[in-house]
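Structure at a glance
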Amino acid sequence: MTTFDITAIRHDFPALQQQVYGKPLIYLDSAATAQKPQCVVEAIDEMNAKCNANIHRAIHYLAIQCTERYEQARETVRRFVNAGKTQEIVFAAGTTAAINLVAFSFGERFVRSGDEIVVTEAEHHSNIVPWQLLCERKGATLKVVPVDDTGRLQIEKLPEIFTGKTRLLCVAQVSNVLGVVNPVKEIVQLAHAHHVPVLVDGAQGIVHEEVDVQALDCDFYVFSGHKLYGPTGIGVLYGKEEWLEQLPPYQGGGDMIASVSFAKTTFAGLPLKFEAGTANYIGAHGLAVAINYVQDINRTAAHAYEQQLTAYAIRQLSAMEGLRIYGTAAPKTSVVSFSINGVHSSDAAAILDKLGIAVRTGRLCADTLMQRFNLQGMIRASLAFYNTKEEIDALVNGLRQVQKMMH
Ligand code: PMP
């Protein structure tokens, strides 16, 4: 294994120190929600306890402190994804909220009856259902890019999928089921050559990949704080300024206006136009602390460690009889989903749980992929840089017990 001080890293995460059912917790569900380092927990606690006042409104001390932290967090996010301007960073409740924002506002402005929106077969429900709702509202059609048996997106089909009526392509950087890294830069180039803008769902991607939205040249990029070792209830929409300027507001309320009268309301400029109501300033600050943490621990070493751990997990799991892994195409992040002959995923989860092992099972918010692979559900072990080889061994032993009990 690459030199990476796993003992020190694990020490940073209080949730990993606990026992469940009298056994050490083995947390293999980070793709759903990652655990938070102590510094994030403390940052949230400290704000809740002391630095709590509504932002962008009052001019008293606490309000100014909170506003500054919120806007500093925006700058931290901007630098993290290398956006050109802070106006291009909109805080939302998470990936789902950010996608719904674009589906509504972009849809209102640019989608008409007969138009087409393209998604892929490997999307999370969050990147399918908002587009279906938009298509229903507008009389548009949803088109789908298929994946092959290895989980590779068949991007060679894109030129025949795009038509003069295609308004947007929505694609995950990394599927939450397959873990396969999609060639987003290439996809964006291809789409732009057909005058199609691209929304990238980075919920999984940003955790494992260095993201540079300017280099990717994507039009929208969305992600959640809680998968990036940050708080729940906070996420980000990056949008190119020229797009965001053209979109109408998503929600109306305080903070998103310039002036209100019964005759006419005018809206705030970017990004506040899209941040109606009291923002989650504590979440935004917590996210910034999480981003700083991720950058401080040497991301390159953390990635290398995760990759080695993933390769080990795949080797060990592949050696098990009757086990099939989905998403075998390279490159792949540390999301490993599989099925076991004759074992229902929920039974496996229940048995593993009693051994202290947390995995995700079921349809993984990806019914269309379950249909693609003709399954009722999968078992997913998603690894983070705080997991260990010993934990993988425990998972494999646990699965052997599952097989024994079920057969
Ligand atoms: N897209 C992907 C690829 C995801 O993995 C997830 C979370 N599982 C989401 C979207 C939705 O994220 P959230 O629930 O944080 O809005």
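Parameters and conventions
Residues numbered from 1 in each chain as written. Predicted model: local features only at pLDDT ≥ 70, side-chain atom pairs only at ≥ 80, totals over all residues. Heavy atoms only, no water. Core = buried A, V, L, I, M, F, W, Y, C linked by side-chain atoms within 4.5 Å. Buried < 20%, exposed > 50% of the residue type's maximum accessible area, 1.4 Å probe, protein only. Helix = DSSP H or I, 4+ residues; strand = E, 2+ residues; numbered from the N terminus. Domains from an automatic or database assignment. Pairing = 2+ DSSP bridges. Axes fitted to C-alpha atoms, helices over the stretch in contact; angles between N-to-C directions. Phe/Tyr/Trp six-rings, centres within 6.5 Å; stacked < 30°, edge-to-face > 60°. Lys NZ or Arg CZ within 6 Å of the ring centre and 35° of its normal. Contact = heavy atoms within 4.5 Å. Buried area = accessible area lost by both parts, 1.4 Å probe. Salt bridge = Lys/Arg side-chain N within 4 Å of Asp/Glu carboxyl O. Polar contact = N/O pair within 3.5 Å; in protein donor to acceptor, adjacent residues only side chain to side chain. Nonpolar A, V, L, I, M, F, W, Y, C, P; charged D, E, K, R; others polar. Near = heavy atom within 4 Å. Areas by Shrake-Rupley, 256 points an atom, 1.4 Å probe, with all protein chains shown as cover.

1. What about the nonpolar core?
One finds Leu-169, Tyr-221, Leu-317, Phe-385 and Tyr-386 to be the most contacted residues of the largest nonpolar core, which totals 111 residues. Here this core takes 10 residues from helix α11 (residues 281–296), the largest share from any one element. When residues of this core are assigned to domains, at least three fall in each of domain 1 (6–30 + 298–406) and domain 2 (42–295). Counting residues in each nonpolar core, the second largest holds 27 residues, with Ala-92, Ala-98, Phe-106 and Leu-134 among its members.

2. Here we look at the sheet that holds strand β13 (residues 323–326)
Spatially, 4 strands are ordered β13-β14-β17-β16 in an open sheet, and the strand pairing comes out antiparallel. A single partner strand is all that each edge strand has here, and the edge strands are β13 and β16 (360–362). Pairs of neighbouring strands in the sheet enclose a mean axial angle of 25 degrees, with direction left out of account. For β13 and strand β14 (residues 335–340), the ladder comprises 4 bridges, and the chain directions are antiparallel. Pairing of Leu-323 across the sheet is with Ile-340, part of β14.

3. Structural notes on the packing of aromatic side chains
By the definition in use, this model includes 18 aromatic pairs. Geometrically, the ring pair formed by Phe-106 and Phe-110 is tilted, given 5.0 Å between the ring centres and 40 degrees between the ring planes. Taken as a pair, Phe-106 and Phe-110 lie in helix α4 (residues 95–110) at a separation of 4 residues, close to a single helical turn. You'll find Phe-106 and Phe-110 in the same group, each marked buried. Aromatic rings pair up to connect Phe-4, Phe-13, Tyr-229, Tyr-293, Tyr-305, Phe-385 and Tyr-386 into one cluster. Taking NZ or CZ as reference, Arg-372 lies 4.9 Å from the ring centre of Phe-373, over its face.

4. As for the domain arrangement of the protein chain
Assigned domains within the protein chain: domain 1 (6–30 + 298–406) and domain 2 (42–295). Facing the 33 residues of domain 1 at the interface are 32 residues of domain 2. Between domain 1 and domain 2, roughly 2,700 Å² of surface is buried when both sides are summed, and carbon and sulfur atoms account for 53% of that area. Inspection of the region where domain 1 meets domain 2 yields 3 salt bridges. One salt bridge in this structure joins Glu-121 and Arg-372, with 3.7 Å as the shortest N-O distance. For the interface between domain 1 and domain 2, the tally reads 20 residue pairs in polar contact (both at pLDDT 80 or more). In terms of residue count, the dominant contributor to the side of domain 1 that touches domain 2 is helix α14 (residues 367–372) (5 residues). Within the side of domain 1 that touches domain 2, the residues separate by chemical class into 17 nonpolar, 8 polar and 8 charged.

5. Here's the deal with the site of the ligand
Neighbouring the ligand are Thr-95, Thr-96, His-124, Ser-126, Asn-176, Asp-201, Ala-203, Gln-204, Ser-224, His-226 and Lys-227. The contact in question runs from a nitrogen atom of the ligand to an N or O atom on the side chain of His-124, over 3.2 Å. Here a nitrogen atom of the ligand sits 2.7 Å away from a polar atom, N or O, in the side chain of Lys-227. Taking 400 Å² as the accessible area of the ligand by itself, protein coverage stands at 86%. Class assignment for the residues of the shell around the ligand results in 1 nonpolar, 8 polar and 2 charged.

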